[in-house]
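Listed below, chain by chain, are the residues.
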Amino acid sequence: MKRSFFCILIIAVFLWLSSCGGETPEITTPATEPQAEQATLPVTEPITEPVTEAPLPPAEDFSLDIGGRYPLLDKKTSVTFENTAVNTVKKEIFGDNLAWRGNGYGVYGPQTKSFNMKLVEAIKKSGVTNIRYPGGIEGDFFIWHETVGTSRKLQMDPFSDSYPTNAPVSGLKYYPHFGFDEFFELCRLANVEPVVQLNAGTGSAKDAADLVKYCIDKGIEVSSFAIGNEVNFKAEPVEGVRSTKTPEEYIAFAKEVYAELGDLANEVELGVIGAPAAYALTADPTWDRKILTALGDKIDFIDCHIGYAPLFTLEGDKDEDILKAYMAAPTYLKVLLRTVKSEIKTYGGANAENISIQITEYGPMGTHYWGTVGSTFLASYIQVMLDEPMISSANHLPLLNHPYAPNLVGYMKTGETENYWDNLSTFIFRWYSEQIDRNVLKKNADYPTFSSKKIGIVPAQTRAEMANCAVYADEKGGTLFIINQATKNGMEFSISLPYDRIRITGVTELHNADPTVANTVKAPNLISPKEYEVEDKIYGGKLTVTTKPISVVKIDFVIEK
C-alpha cells in the first residue's frame, strides 16, 4: 500500500512539470585541458646512407733501371702478355744426364759400396726432376745385363781419353761399379725419375727389350725409354767398333725391340731417335721421314738432339761473333722445332697427334759456354721449350762433369777434399724448375733484330730475337723473366701484364761485365745473382725495366685481388 502511494506521487510531480512548459536542464561536465592530436606517419623502410667500400688506392706503374752505363738500343722492346695459357710447365722438362763412367762422376764409392750423400743432396737441390742413364754415346756401348749383380763384366768407355779417366786413348774397358741397379738406387735417394737409353749401337734388340722387362718386373717406374742415342751420325766414336746404323738398319732393330716386348710396349713410354732434315748435324736428311713412316704407328715420342749450340768454333772466330751465335741459337731452335713438328705431321700417319718430342741432350757447347753467355743461352733455350706443348721431356747435359763445363752441380774432388759450388747454369735451372705446374702465358712481342755470321752449327741470322721474355703464373702469382740477348747494349723493356694489381716480391739479376767469366773450383763464388730492393706497394700491370746486355732478370710477384 505504501509502495503504490509513493509511485503515484512521482508520476504526479512529473506530469506537473511537463504541463508548466519548462525545458529539461542541460547537463555539462567540468572543463578539462584539450588532448593533443597524435601525428600519423606513413609506414616506410628506415632511411639509411648507402654503404660504399673505400676506394682502392691507385696502382702505380713499376719502373726499374738496372741497365748501368751500357748504351741503350735505339728500339724499345714491347711485350704484352695475355691471361691465356699456351702450355703448362712440365716437370719432365727439367731432366739431366749422368754416365756410368767414373762411378757416376763420383756419386758412387766402390770401396764402401755407398753413395756420396752430400753429392746426392746437391743433386736434389739442383732442381733436377729426372736423370738419363747410362750416358748418351756411352749408352750405345753399354751391355746392361753385364752391369748388375755380382758377376759383372768390363764395359767399353768411348770417352776414356777424357775426364774423369784421362786414359791415353779412348775405347778402353772399365769395371761398371755404377751399374743399372746403383743408378736406380740413386734416383730413389735423390727423389728423381729414371730415363733409360737402350743400347742400339753394339747391343742386341733382345737385350734392349730385356732391360725394359727388367724394369717392369722390379716395379721401377721409368719416365721413358729411348731406343738408342746418336747411331744416326756418321762418325764412329771408337775406332774399329761400329755403333752407327743406316735408317733401314735402325728400323729393323726398333721393330725387333717392339716384337720382343709385345703388349708390354704399351705399358711404357717408348720412343725412337730422330734427326730433323734441317739440322746441321743430320747425316741423312731422309732419316726422320723413313723412321716416322715405318715406326710412326708404334712410337710415343721422337728424341731429337737439337739442343747444342754453337757446338764448335774455329780459330779466328771473334769473341763478339761467338757471343752473338749463342744469343741467336734459341731462334735456330724454333726453326728446328718447326721442322720436327712438320715431319711428325707429314710422316707420322694416324698416330701423329700422339707423338711427342723429347730433347734428351741440350746445353751450351763450344767456347765460353761456362760464363753468363752460357747461362743466358740456357735460360732462352728453356723458355723456347716451355712454349712448345709438343715437347714432353728434356735433359740438360751434363749433371756432373769436370769443373769447367756448364754442369748443374759444381763438384770436384782434389785429393781428400771435396769442393762444391754453384755454376751459373745452376742458378738458371733452379729458377725455371720452380715454375713447374704453372701456366705459360701467351705473349705478343716486338723484338729488335740483328745479323750475325755463321758460327758452328748456328746459321747466320738475318733476324734473331734479342729479347726473350716469359711469364709463368698461377692464380696466386707468378714470375716474369726478362732476357737481354744483346751483346753490348742495354735494353728498355715495356711490359704489360694481364693483371690490374700486383705486389712485386723480388727482383734478381744474373749478369757479369765479362760474359765469359765463370765460377770454378778455384773461384766458387766469383759470380752470384744480385737482388734488388723493391718498395712494398701495389703496382699496376705496366712495367718498364732497363737491363744490361747478356743478362737474365727474374721478377717475382703476387696478384692482389
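Quantities reported herein were computed from a predicted structural model and do not represent experimental measurements.

Here we take up the side chain of E465. Position of E465 among the secondary structure elements: in the loop between strand 18 (439–446) and strand 19 (470–473). A polar contact is formed between the side chain of E465 and the side chain of K334, at a distance of 3.1 Å. In contact with E465, not counting residues within four places along its chain, are M327, T331, K334, Y447, P448 and Q485.

With that settled, the discussion passes to helix 9 (residues 372–387). For helix 9, spanning 16 residues, the distance from its first C-alpha to its last is 23 Å, which sits close to the expected 22 Å at 1.5 Å a residue. In terms of burial, helix 9 is a largely internal element, 15 of the 16 residues being buried.

Following the criterion strictly, the structure yields 24 salt bridges and no others. The closest approach of N and O atoms between E560 and R503, which form a salt bridge, is 2.9 Å. Here the residue E560 occupies a position in the segment after strand 25 (551–559), and R503 occupies one in strand 22 (residues 502–510), the gap between them amounting to 57 residues. Judged by relative accessible area, which is 25%, E560 ranks as partly exposed. Three or more residues are tied together by salt bridges with common partners; here these are E60, E535 and K537.

Another point: the packing of aromatic side chains. According to the stated counting rule, one finds 24 aromatic pairs in the structure shown. Geometrically, the ring pair formed by F142 and F180 is tilted, given 6.0 Å between the ring centres and 45 degrees between the ring planes. With F142 in the loop between strand 6 (130–133) and strand 7 (155–157) and F180 in helix 4 (residues 180–190), this residue pair connects regions lying 38 residues apart in the sequence. Take F142: its relative accessible area is 3%, and that puts it in the buried class.

As paired elements, strand 16 (residues 410–414) and strand 17 (residues 417–421) share five bridges and run antiparallel to each other. Across the sheet, residue Y411 finds its bridge partner in strand 17, namely Y420. In this antiparallel pair of consecutive strands, strand 16 and strand 17, the connection spans two residues, and G415 shows a positive phi of 70 degrees.

Below, the discussion takes up the pairing of strand 10 (residues 224–227). Side chains of strand 10 alternate between two faces, with S224 and A226 and F225 and I227 buried alike. As judged from the four bridges shared by strand 9 (residues 193–198) and strand 10, these two strands associate in the parallel manner. The residue bridging L198 from the neighbouring strand is I227, located in strand 10. A crossover connection joins strand 9 to the parallel strand 10 through helix 5 (residues 205–217); in handedness this β-α-β unit is right-handed.

Here we take up the packing of helix 7 (residues 287–295) against helix 8 (residues 319–347). Running from N to C, helix 7 and helix 8 cross one another at 40 degrees; their axes reach a closest spacing of 9 Å. What the angle tells us is that helix 7 and helix 8 run oblique. When you trace helix 7 past helix 8, the crossing you get is right-handed. Mapping the contact onto sequence places D288, R289, L292 and T293 in helix 7 and E343, I344 and Y347 in helix 8. The residue makeup of the contact of helix 7 with helix 8, split by class, is three nonpolar, one polar and three charged.

Taken residue by residue, the protein gives an average pLDDT of 91. The fraction at 70 or more is 90%. Note that residues 1–39 has pLDDT below 50 and, in this model, one contact with residues that lie over four places away or in other chains.

With that settled, consider the layout of surface pockets. Considering only enclosed or pocket space, the largest pocket measures out at about 680 Å³ in volume. What lines the largest pocket is a set of 33 residues, among which F159, Y308, M365, L397 and N401 lie closest to the centre. Among the elements that make up the lining of the largest pocket, the one with the highest residue count is strand 14 (residues 356–365) (three residues). For the lining of the largest pocket, the per-class residue count stands at 20 nonpolar, eight polar and five charged. Looking at the second largest pocket, its volume works out to about 270 Å³. Considering the residues around the second largest pocket, the lining is formed by 14 residues, among which G102, Y105, G106, Y411 and K413 are closest to the centre.

This next bit is on the nonpolar core. Counting residues in each nonpolar core, the largest one holds 153 residues, and the members touching the most others are V107, F180, I227, I382, M385, Y432 and L543. A per-element tally of this core places helix 8 first, with 13 residues. If we skip the residues at most four places from it in the chain, V107 touches L98, S114, F115, N116, L119, V120, I123, F178 and L186.

So, on to the side chain of R438. Position of R438 relative to the elements: it lies in the loop between helix 10 (424–433) and strand 18. Here R438 falls in the buried class, since its relative accessible area comes to 17%. Only 2.8 Å separates the side chain of R438 from the side chain of Q435, close enough to count as a polar contact. Beyond its immediate stretch of four places on either side in the chain, R438 contacts N87, T88, V89, Y472, A473, D474, G477, G478 and T479.

Glancing now at unusual backbone geometry. In this chain, Y163 is followed by P164 through a cis amide linkage whose omega measures 5 degrees. Turning to its location among the elements, P164 is positioned in the loop between strand 7 and strand 8 (172–174). With a phi angle near 55 degrees, N103 is a residue other than glycine that sits in the positive phi range. With respect to the secondary-structure elements, N103 resides in helix 2 (residues 101–106). For K113, which is not glycine, the phi torsion reads 50 degrees and is therefore positive. Tracing the sequence through the fold places K113 in the loop between strand 4 (108–109) and strand 5 (114–115).

Inspection of the secondary structure puts Y326 in helix 8. It is 6.6 Å that separates the C-alpha atoms of Y326 and A309, two residues lying 17 residues apart in sequence. For Y326, the residues in contact, after removing those within four places along its chain, are A309, P310, P364, M365, G366, T367, H368, Y369, V373 and F377. Within the structure, Y326 has its side chain in polar contact with the backbone oxygen of T367 (distance 2.8 Å).

At a closest axis distance of 9 Å, the pairing of helix 3 (residues 117–125) and helix 4 adopts a crossing angle of 65 degrees. Crossing of helix 3 over helix 4 shows right-handed handedness. Contacts between helix 3 and helix 4 pair M117, V120, I123 and K124 from the former with L186, L189 and A190 from the latter.

Before going further, it helps to examine helix 5. Under the 1.5 Å per step criterion, the end-to-end length of helix 5 is 18 Å for 13 residues, consistent within 8% with the ideal 18 Å. Residues A205, D207, A208, A209, L211, V212, Y214 and C215 constitute the buried set of helix 5. Those residues of helix 5 that are buried lie in contact with helix 4, strand 9, strand 10 and helix 6 (247–261). Just beyond helix 5, the residue with positive phi is G219, at close to 70 degrees.

Definitions and cut-offs
- Per chain, residues are indexed from 1 in the order of the written sequence.
- Only residues with pLDDT of 70 or above have their local features reported here, since the model is predicted, and side-chain atom pairs are shown and tallied only from 80 upward, although totals for entire chains, interfaces and linings are computed over all residues.
- Based on all heavy atoms of the structure, the side-chain values leave hydrogens and waters out of the count.
- By the criteria applied, helices consist of DSSP H or I runs no shorter than four residues and strands consist of E runs no shorter than two, each listed in order from the N terminus.
- Counted as a polar contact is a pair of N or O atoms within 3.5 Å, where, for protein atoms, one must be capable of donating a hydrogen and the other of accepting one, and residues adjacent in sequence contribute only when both atoms are in side chains.
- Should any heavy atoms of two residues lie within 4.5 Å, those residues are considered in contact.
- How far a helix is expected to stretch is found by multiplying one less than its residue total by 1.5 Å.
- Only protein chains enter the accessibility calculation, which uses a 1.4 Å probe. A residue is then buried if its area is under 20% of the maximum for its type, exposed if over 50%, and partly exposed in between.
- Should a side-chain nitrogen of Lys or Arg be within 4 Å of a carboxyl oxygen of Asp or Glu, the pair is scored as a salt bridge.
- Paired rings are identified among Phe, Tyr and Trp, the last through its six-membered ring, by centres lying within 6.5 Å, and are further divided according to the angle between planes into stacked (under 30 degrees), edge-to-face (over 60) and tilted (the rest).
- By definition, two strands form a pair when at least two bridges between them are found by DSSP.
- Note on handedness: a clockwise path from strand one over the helix to strand two, with the strands aimed away from the viewer, defines a right-handed crossover.
- Angles here are taken between N-to-C directions and fall from 0 to 180 degrees, while the axes themselves are lines fitted to C-alpha atoms, restricted in helices to the stretch in contact.
- Throughout this description, any angle smaller than 35 degrees is read as roughly parallel, any larger than 145 degrees as roughly antiparallel, any in the 65 to 115 degree range as roughly perpendicular, and the remainder as oblique.
- Note on convention: the crossing is left-handed when the near helix lies turned anticlockwise from the far helix by less than a right angle, right-handed when the turn is clockwise.
- Gly counts as polar in this scheme, as do all residues outside two lists: the nonpolar Ala, Val, Leu, Ile, Met, Phe, Trp, Tyr, Cys and Pro, and the charged Asp, Glu, Lys and Arg.
- How sure the predictor is of each residue is captured by pLDDT, a score from 0 to 100.
- Only protein atoms enter the 1 Å grid, on which a cavity is a set of points fitting a 1.4 Å probe that cannot get out and a pocket is an open set with protein on both sides within 12 Å along at least 5 of 7 lines, lining residues being those with an atom within 4 Å of a point.
- Grid points are joined across faces, edges and corners, and a volume is the space filled by probe spheres set on the points.
- Only buried residues count toward a nonpolar core, which is a set of Ala, Val, Leu, Ile, Met, Phe, Trp, Tyr and Cys residues joined through side-chain atoms within 4.5 Å.

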